[in-house]
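Chains, contacts and geometry: an overview
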Amino acid sequence: MHQFAETAEAIGGTRSKLKKIAFLADYLRKLSEDNLRAAGVFFTGRPFALTDARTLNVGWSALVNAVQDLSGASNEDIHQIYLDRGDLGEMAERLLASPIGDRPAALIDRTAGEGPNPATIQSRFSDLVKLSGASNQLPAVLDLFRSLSAREAKYFFF
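Every chain is numbered independently, its residues counted from 1 as its sequence is written. In keeping with the predicted nature of the model, local features appear solely for residues at pLDDT of at least 70, side-chain atom pairs appear and are counted solely at 80 or more, and the whole-chain, interface and lining totals rest on all residues. Heavy atoms from the whole structure form the basis of all side-chain values; hydrogens and water molecules are not counted.

Take the overall build of the chain next. Put simply, DSSP H or I for four residues or longer makes a helix, DSSP E for two residues or longer makes a strand, and each gets a number counted from the N terminus. Secondary structure assignment for the chain yields nine helices and zero strands. From first element to last, N terminus to C terminus, the chain shows the α and β order α-α-α-α-α-α-α-α-α. When accessible area is computed with a 1.4 Å probe and restricted to protein chains, residues below 20% of their type maximum are described as buried, those above 50% as exposed, and intermediate ones as partly exposed. Out of the 158 residues in the chain, the part that is buried amounts to 39%. Pairs of residues are marked as contacts when any of their non-hydrogen atoms sit within 4.5 Å. Pairs at least 24 apart in sequence give 69% of the contacts found in the chain among residues at least 6 apart. A total accessible area of about 8,700 Å² is found for the chain, and carbon and sulfur atoms account for 52% of it. Surface accessibility follows the Shrake-Rupley procedure with a 1.4 Å probe radius. Residue values consider only the protein chains on display as shielding.

Pasting the structure below:
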């Protein structure tokens, strides 16, 4: 997922359509078939293909609770950062990557090749779909975020 996040950052960091295409093509050509399928779907901003009727049904509350549990951020921290950023993924990245007070960063950055790949994340999404209720989903969401770096987590707020 490291390369997925880096590619998404590069795409978001340029206005050039040709550069966006080049970044995406370079990333996608390196993937196995299963990872290619999953990454292609993720780049549409969805956890599953449009032809797949499943939805994660993980609410805003469960996602914020997971970020709060991992980061130790206060309700005020979350509120202020969300107001500043206006994006739940960016809020999560900031809170999970940055220490607050004497608390260390919740998630550490990894190098490329470490951590889960797109197909693994999509499999975990498939498991998450089977859970209902925030109290049942929270442990799975926490486990998912623990497997990701802060930058990677930013891109999984569908």
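On to the pattern of salt bridges, then. Within this document, salt bridges are pairs made up of a side-chain nitrogen of Lys or Arg and a carboxyl oxygen of Asp or Glu, the two lying within 4 Å of each other. Scanning the entire structure with this criterion turns up 13 salt bridges. Between E6 and R151 there is a salt bridge, with its nearest N and O atoms 3.2 Å apart. With a gap of 145 residues between them, E6 in helix α1 (residues 2-12) and R151 in helix α9 (residues 150-154) connect regions that are remote in the sequence. Residue E6 is classed as partly exposed on the basis of its relative accessible area of 30%. In this structure R151 comes out as partly exposed when scored by relative accessible area, which is 28%. The partner of E90 in a salt bridge is R85, with the nearest N and O atoms 3.8 Å apart.

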